[in-house]
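Below, each chain spelled out in residue letters.
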Amino acid sequence: MLSKAIVTRTIAIIIAVIVIAAVAGAAIYMFTRPPMEKPVIRILFASTQLAPPAEQAFMVELLTEFYKETGIDVSFLPFGYVDIANKLEAEIKAGRITVSLVGGLSTEIDFFASKGLLEDLGRFGALGGRTFLEAAIRAVEDHKKIYGITTFVPWMTATFVVVINNKAFDYLPSGLTKDDVVKGTERWTWDAMLAWAKNIYEKTGKRLVGLPAGAGGLLHRLLHGYLYVSYTGYQAQKFNSPEAVQMWGLLKELWRYSHPESTTWSAMADPLLKEDVWLAWDHTARVISALKTSPEKFTVAPVPKGPVGRGYIVVLAGLAIPKGAPNQEEAWKLVEFLTRPSTQARIAERVGFFPVVSEATPAITDPGVKKIAEGVTAQLGARDSIAVAIPPLGGKAGDFIAIYREAFERIVLKGEDIGAVLSGLEPKLKAIFAELKMPEP
Amino acid sequence: MVKIDLEGVSKRFGSVIAVDNVSLSVSSGELFVLLGPSGCGKTTILRIIAGLETPTSGRVYFDGVDVTDMPSGKRGVGMVFQSYAVWPHMKVYDNIALPLRIKKLPQSEIDARVRSAARMLNIENLLERYPFQLSGGEKQRVAVARAIAVEPRVLLMDEPLSNLDALLRVQARAEIKRLQRELKITTIYVTHDQVEAMALADRIAVMNKGRVMQVGTVDEVYNKPLNRFVAHFIGSSMNFVEGTITDRGVDIGFALIPYSSVPDELVGKKVSVGIRPEDIYLEPIQGGVVLKGRVVLIENLASEYIIHIDVSGTLLRAKTKLYPQGEEVRLYIHPSKVHVFDTITENRIHIA
Amino acid sequence: MPSPLRKHIPYILVAPSLAYLAFFISYPIFYTFSLALFGNPSPMVEVMTSPRLGEVALYTTLIIATVIPAQIVIAIFASLFFLNRFRGRELVLYLFIAPLAINEVAAALIWYTMLSSSGFLNKLLINTGVISAPIYFFGYEFIDRTLLAIFLTEVWRATPIVFIIIYAGMQMISRDYLEAADVFGLNLWQKLRYIILPLIKPYIQTALIIRTLFALQVVGPIFILAGEYVRVLATEVVYWYSMRLNPGVASAWALLIGLVTLLLGGLYIKLLRPSAGAT
Ligand SMILES: Nc1ncnc2c1ncn2[C@@H]1O[C@H](COP(=O)(O)OP(=O)(O)O)[C@@H](O)[C@H]1O
Ligand SMILES: [Mg+2]
């Protein structure tokens, strides 16, 4: 047993140590803290994007630089989409607006605009020293047509690309050149891709096309946002049409040259790196690690086109200022900072969202990231492209996706009759849009 | 019934030598007892014979056939474990019957054997019980019944009575003796209780520290212990006195035990002299040596007395039916009942 | 003299646990029930008439009915093996139970990497000239072999827990019981059948219940090894909850898992009632 005296003494020593440490800490802080300056301006930046901890940390880093440059102290607040919508609406109604800048997907901003929650950014004039990409400008123009105002400034983008192992260029089918593929010319079609895959299979005996058809894979995006749009011009409108039947025929054929393990892959980075596949379609974020690891092995290309055009999904994030927001001038300075080519390059390198200004890509130093950025730029800049956005279906999104995936499973994997499957599923698809009272995209 | 021979059997467990170069011969039909203090290697020898343990060196023979490497189950032994090892999830009947079923005996034969073994051990009324419903004594009988029902060539028992209370123990050992006489199975019985050993044994092997000290009939180990250890271990605890051999006998300081023919080479040897309490008399005997002493203490055991006597400073214990009259007593010892051991080797010195 | 307060003290004392049970156990269960049963159409009815039900029943049964018996058998033989004392026993024992420390998803990834067409096994076999083209275990076309891979992964990963339970049970068996069996001529198989198995019945029962409980909840490994094309009860719960955003149907599947678990648990208890004397 410890004697009472020893216990008391031990406690006394511990308390003394704590007190000394606290005093010393306070003293050190007093001497080393930054000197008080003129009152800083604080603004709130709410965003639905870059919420994961690592991405948030990067934003804090970036905004610290912004603070050093301008003296504007920005608090970055990641929010859910619904929360931001509610917050903005409540604040504007109450006339006490706290948020100066909002970051979100173009579809989300569309919703804010439709509720009349946004300022017209037209009055701030143009941002110099940067050229926004075709697809980004088009999205802003689309909003302008509907709401009559400039609702947002493009911020960053993500999309799906085709990643090619350079070895595959030795097996190009006749009539297709590497240049066609990289630049996304008229000849870079889904049929050409099929011919290429077939050629590779015949020469090597291997099925080297990779599709993310695993449990967490984004195969459904390929279906509704790429193939359907390229063949029918729409994501859902012509779900059951002769053009759609033609498209499914192509996919069935392409599947014959696709790696059988595709149904277990949720991201293509790994199969690309292991050279399980040579031609892979996937989201930029899901191939980036392969390109960062071995940039010299791969080429990034825009997606192929179909009979109607080069359908693709663009995920575009933009920056908007809420109606009546405080410190709007400062918010605009932040917009300028975030869309600056150098900032855009760093965003691409650190969080895998790609630039929306063409000057940014050359500024990217990581060769793998740069390659993807080039592919994204080529795709977003292509003239024949039909950019679509993922329809904002809320709680019905899962059902929407499931219809395309079921069609894939039954037509491609199980070999059921295309017409029968599409006819069977069409009413379900129509029901979703009917229920939401939305036009079919 | 078989004859069992152990030839130079040793068993080591790591650095412990549990059995040290033991050679034994157990005759057919004999009840042979391994006796010795706890930890002397009795169980290990039994397990080697049973085939549960392989000796580090040496051989085991059953009727001249080397069984050292024969699996236990093939040796035809029946064994009663110290813990009984009655299988807890089976009724008594099944405990006895299982070894027979394994042998694929016909059902009628199994039933007959189980019932006959049960009758012999007087447990017929317990056949439908589970072991947890039995007392220690009943479990012990079940274990014995199971062992004899297989009609073994050899019956091995490892301290089967040590978990019973004293009264039951006396009764049970008589039953075991009767059973063994009836069945005439070669039996090796392990115990640390010398009374039990003497009550049961045809022959006893007295063991110490892995070695066999002496093998013999009860009379032999009692009357002619080959060394001090055996003398001490068998019978009620012996009086030991230091002494020296002279040409006329053994000088124990306060007396001389006379011997007529002392070999010259033994003269002057230091010896331990052992005298059993029951060999010290309070009334004169023919040819006895007389000692004078003073009574210090009397233990009354009802049928007899243990009397502690001071003989010129040495304490001796005598066991007698006579109650001593007065403090001063005379003691009588016969030289033929005196055991003489070499002080250094502790081996018996034959002297007459 | 007992005061009225004293009479109520026991109720006051159990009140917190009752509140706890009500809030953390009863409420979620009833909530799940109501989610699963009520609605238009009732999710439970939807599930019971869904074309996926047959497929789910088939794969769930196939996996449970192969994995768990294999695990019990392996665990029993491994326990017998480890009861022997031999050199390096501890090391082998640790290696054998090491997969316990590995997360189920990580375990699935290990096996995926090992068995995939460009994985370790195929590389080894090709480099040593045993085969010339890779053997496929994964992908929709090879779903039967995928089931084998799921079997191997589950057995590898979860047998140690079964082993530990059964090994503990076997260590409880007094050595004398087994030695008595040796003396009376029981061979290894007979010892197993007449002595060991009856004595470890309660442990087998525990292992069965625990394993069935957990096997019915495996999701990650199946998604990794089979994509979404091997559909079992648990993957349906995840699929309907997080991919279809339909908590009702997810709850209905979850309820089915509960039901199946309850049913199998009852069955185990009935079939493996310990013999009267075995303690
Ligand atoms: N399995 C074993 N491992 C190690 N030592 C043992 C083992 N069995 C017995 N011994 C040792 O061998 C000696 C003899 O044991 P045992 O034969 O059981 O003695 P007894 O039955 O005479 O009391 C003891 O010292 C005991 O500790
Ligand atoms: Mg013993």
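Now for a quick tour of the structure.

Rules behind the numbers
Residues numbered from 1 in each chain as written. Chains lettered and ligands numbered in written order. Predicted model: local features only at pLDDT ≥ 70, side-chain atom pairs only at ≥ 80, totals over all residues. Heavy atoms only, no water. Helix = DSSP H or I, 4+ residues; strand = E, 2+ residues; numbered from the N terminus. Buried < 20%, exposed > 50% of the residue type's maximum accessible area, 1.4 Å probe, protein only. Contact = heavy atoms within 4.5 Å. Rg over C-alpha atoms; globule rule 2.2 N^0.38 Å. Near = heavy atom within 4 Å. Polar contact = N/O pair within 3.5 Å; in protein donor to acceptor, adjacent residues only side chain to side chain. Areas by Shrake-Rupley, 256 points an atom, 1.4 Å probe, with all protein chains shown as cover. Pairing = 2+ DSSP bridges. Patch = residues over 30% accessible without salt bridge, like charges linked within 9 Å, V, L, I, M, F, W, Y side chains within 5 Å. Salt bridge = Lys/Arg side-chain N within 4 Å of Asp/Glu carboxyl O. Buried area = accessible area lost by both parts, 1.4 Å probe. Nonpolar A, V, L, I, M, F, W, Y, C, P; charged D, E, K, R; others polar. Axes fitted to C-alpha atoms, helices over the stretch in contact; angles between N-to-C directions. Parallel < 35°, antiparallel > 145°, perpendicular 65-115°, else oblique. Phe/Tyr/Trp six-rings, centres within 6.5 Å; stacked < 30°, edge-to-face > 60°. Lys NZ or Arg CZ within 6 Å of the ring centre and 35° of its normal. Expected span 1.5 Å × (residues − 1). Left-handed = near helix turned anticlockwise from the far one by under 90°.

Turning our eyes to something else, we now look at the overall build of chain B. Along chain B, the regular secondary structure elements total eight helices and 20 strands. Each principal axis of the C-alpha atoms in chain B carries an extent, and together these give about 75 × 45 × 35 Å. For chain B, the proportion of its 352 residues judged to be buried stands at 52%. By sequence separation, contacts in chain B at least 24 residues apart represent 65% of the contacts at least 6 residues apart.

Attention shifts here to the overall build of chain C. A tally of regular secondary structure across chain C gives twelve helices and zero strands. Put simply, chain C runs from its N terminus to its C terminus through helices and strands in the order α-α-α-α-α-α-α-α-α-α-α-α. Expected size for 279 residues packed as a compact globule is a radius of gyration near 19 Å; at 24 Å, chain C overshoots this value by more than 25%. Oriented by its inertia axes, the alpha-carbon framework of chain C measures out at about 80 × 55 × 30 Å. Of all 279 residues assigned to chain C, the portion counted as buried reaches 45%. Once local pairs closer than 6 in sequence are excluded, the contacts in chain C between residues at least 24 apart make up 69%.

Further remarks concern the site of ligand 1. Residue and element names in this part refer to chain B. The full set of residues close to ligand 1 is Phe13, Val16, Ala18, Ser38, Gly39, Cys40, Gly41, Lys42, Thr43 and Thr44. With respect to ligand 1, the backbone of Lys42 contributes an N or O atom lying 2.9 Å from an oxygen atom. Thr43 has a polar side-chain atom sitting 2.5 Å from an oxygen atom of ligand 1. Taking 550 Å² as the accessible area of ligand 1 by itself, protein coverage stands at 61%. When residues of the shell around ligand 1 are traced back to their parent elements, those giving at least two are strand S2 (16-26) and helix H1 (42-50).

A separate point is the sheet that holds strand S5 (residues 65-66) of chain B. Residues and elements named next belong to chain B. With antiparallel pairing, the four strands of this open sheet are ordered in space as S2-S1-S4-S5. Single-partner strands in this sheet number two, and they are S2 and S5. By the bridge criterion, seven bridges tie strand S1 (residues 4-13) to S2 in an arrangement that is antiparallel. In the sheet register, Ile4 faces S2, and the bridge partner there is Val26.

On to a nonpolar patch on the surface, then. Taken together, Val14, Leu18, Tyr20, Leu21, Phe23, Phe24, Ile25, Ile29, Phe33, Leu37 and Phe38 of chain C make up a surface patch of nonpolar side chains, about 1100 Å² in accessible area. Along the chain, the position of Ile29 of chain C falls in helix H1 (residues 4-37).

Attention now moves to the side chain of His339 of chain B. Turning to its location among the elements, His339 of chain B is positioned in strand S20 (residues 338-342). Residues in contact with His339 of chain B, not counting those within four places in the same chain, are Tyr222, Asn223, Pro225, Met238, Ser272, Val273, Gly274, Arg276 and Arg348 of chain B.

This part covers the interface of chain C and chain A. Contact with chain C, which involves 23 residues of that partner, is made by 23 residues of chain A. Carbon and sulfur atoms supply 46% of the area that chain C and chain A bury against each other, a total of about 1900 Å² over both sides. If you sort the residues of chain C by the area they bury against chain A, Tyr140, Tyr229 and Arg244 of chain C come out on top, with a joint share of 29%. Remark: the boundary between chain C and chain A carries four salt bridges. Close ionic contact of Arg244 of chain C with Asp399 of chain A constitutes a salt bridge, the shortest N to O distance being 2.9 Å. Where the side of chain C that touches chain A is concerned, the elements lending two or more residues are helix H5 (104-115), helix H10 (220-226) and helix H11 (233-243) of chain C. A per-class count over the side of chain C that touches chain A returns 13 nonpolar, six polar and four charged.

Let us now look at the pattern of salt bridges. In this structure the tally under the stated criterion is 61 salt bridges over all chains. In this structure, Asp182 of chain C and Lys191 of chain C form a salt bridge, with 2.9 Å as the shortest nitrogen-oxygen distance. According to the relative accessible area criterion, Lys191 of chain C is buried, its value standing at 14%. Here the residues in one salt-bridge network are Glu61, Glu65, Arg346 and Arg350 of chain A, joined through shared partners.

Residues and elements named next belong to chain B. Here we have five strands laid out as an open sheet, ordered S15-S19-S16-S17-S18, and antiparallel in their pairing. The open sheet is flanked by strand S15 (280-281) and strand S18 (314-320), the only strands paired with a single partner. Note: strand S16 (residues 289-300) against strand S19 (residues 328-333), six bridges, orientation antiparallel. Residue pairing across strands places Leu291 opposite Leu331, the latter belonging to S19.

Moving on, we get to the side chain of Thr343 of chain A. Residue and element names in this part refer to chain A. Structurally, Thr343 is set in helix H13 (residues 341-351). A polar contact is formed between the side chain of Thr343 and the backbone oxygen of Phe337, at a distance of 2.7 Å. If we skip the residues at most four places from it in the chain, Thr343 touches Leu62, Phe337 and Leu338.

With an omega of 0°, the peptide bond running from Asn40 of chain C to Pro41 of chain C counts as cis. Counting through the fold element by element, Pro41 of chain C comes out in the loop between H1 and helix H2 (43-48). Of note, Ala85 of chain B is a non-glycine position whose phi angle comes to about 50°, a positive value. Turning to its location among the elements, Ala85 of chain B is positioned in the loop between strand S6 (77-80) and helix H2 (92-102). The backbone of Asn122 of chain B sits at a positive phi, close to 65°, despite the residue not being glycine.

A few words on helix H8 (residues 175-183) of chain C. Taken as a whole, H8 of chain C has its buried residues at Leu178, Glu179, Ala180, Ala181 and Val183 of chain C. Where H8 of chain C terminates, the next one or two residues include Gly185 of chain C, which has phi positive at roughly 85°.

Residues and elements named next belong to chain B. Within the secondary structure, Val273 is located in strand S14 (residues 270-275). In this structure the C-alpha to C-alpha distance between Val273 and Ile176, which are 97 residues apart in sequence, comes to 37 Å. Those residues in contact with Val273, other than ones at most four positions away along the chain, are Asn239, Phe240, Val241, Val250, Ile252, Val338 and His339.

With that settled, consider the packing of helix H3 (residues 52-83) of chain C against H11 of chain C. Residue and element names in this part refer to chain C. Where H3 meets H11, the closest approach of the two axes is 8 Å, and the angle between their N-to-C directions is 135°. Here H11 runs oblique to H3, going by the angle between their axes. Listed contacts from H11 to Arg52, Val56 and Thr60 of H3 are Leu233, Glu236, Tyr239 and Trp240.

Below, the discussion takes up the packing of aromatic side chains. For the structure shown, the criterion picks out 42 aromatic pairs over all chains. Where Phe240 of chain B meets Phe341 of chain B, the ring centres are 6.3 Å apart and the plane angle is 50°; that geometry is what we call tilted. Here Phe240 of chain B, found in strand S11 (residues 239-246), pairs with Phe341 of chain B, found in strand S20; they are 101 residues apart in sequence, far enough to count as distant. Here Phe341 of chain B falls in the buried class, since its relative accessible area comes to 0%. Each member of the aromatic cluster is reached from another via a ring pair, and the members are Tyr228, Phe239, Trp248, Phe400, Tyr404 and Phe433 of chain A. Against the face of Phe169 of chain A rests Lys178 of chain A, its NZ or CZ located 4.7 Å from the ring centre. A cation over an aromatic ring shows up here: Arg146 of chain B above the ring of Trp87 of chain B, its NZ or CZ 4.4 Å from the ring centre.

Attention now moves to helix H7 (residues 190-204) of chain A. Here H7 of chain A spans 21 Å end to end across 15 residues, near enough to the 21 Å set by a 1.5 Å rise per residue. One or two steps after H7 of chain A, the chain reaches Gly205 of chain A, where phi turns positive at roughly 75°.

Quick look at the packing of H7 of chain A against helix H9 (residues 242-256) of chain A now. All names here are of chain A. Taken N-terminus to C-terminus, the directions of H7 and H9 make an angle of 20°; their axes are 9 Å apart at the nearest point. Here H9 runs roughly parallel to H7, going by the angle between their axes. Between H7 and H9 lies a crossing of left-handed hand. Residue-level inspection shows Trp190, Asp191, Met193, Leu194 and Ala197 of H7 in contact with H9, the latter providing Leu250, Glu253 and Leu254.

Moving on, we come to the environment of Trp190 of chain A. Residues and elements named next belong to chain A. On the secondary structure map, Trp190 appears in helix H7. Overall, the relative accessible area of 2% leaves Trp190 in the buried class. Between the C-alpha atom of Trp190 and that of His143, which follows or precedes it by 47 residues, the distance is 31 Å. If we skip the residues at most four places from it in the chain, Trp190 touches Leu222, Tyr226, Leu227, Ser230, Tyr231, Leu250, Trp281, Pro304, Lys305 and Gly306.

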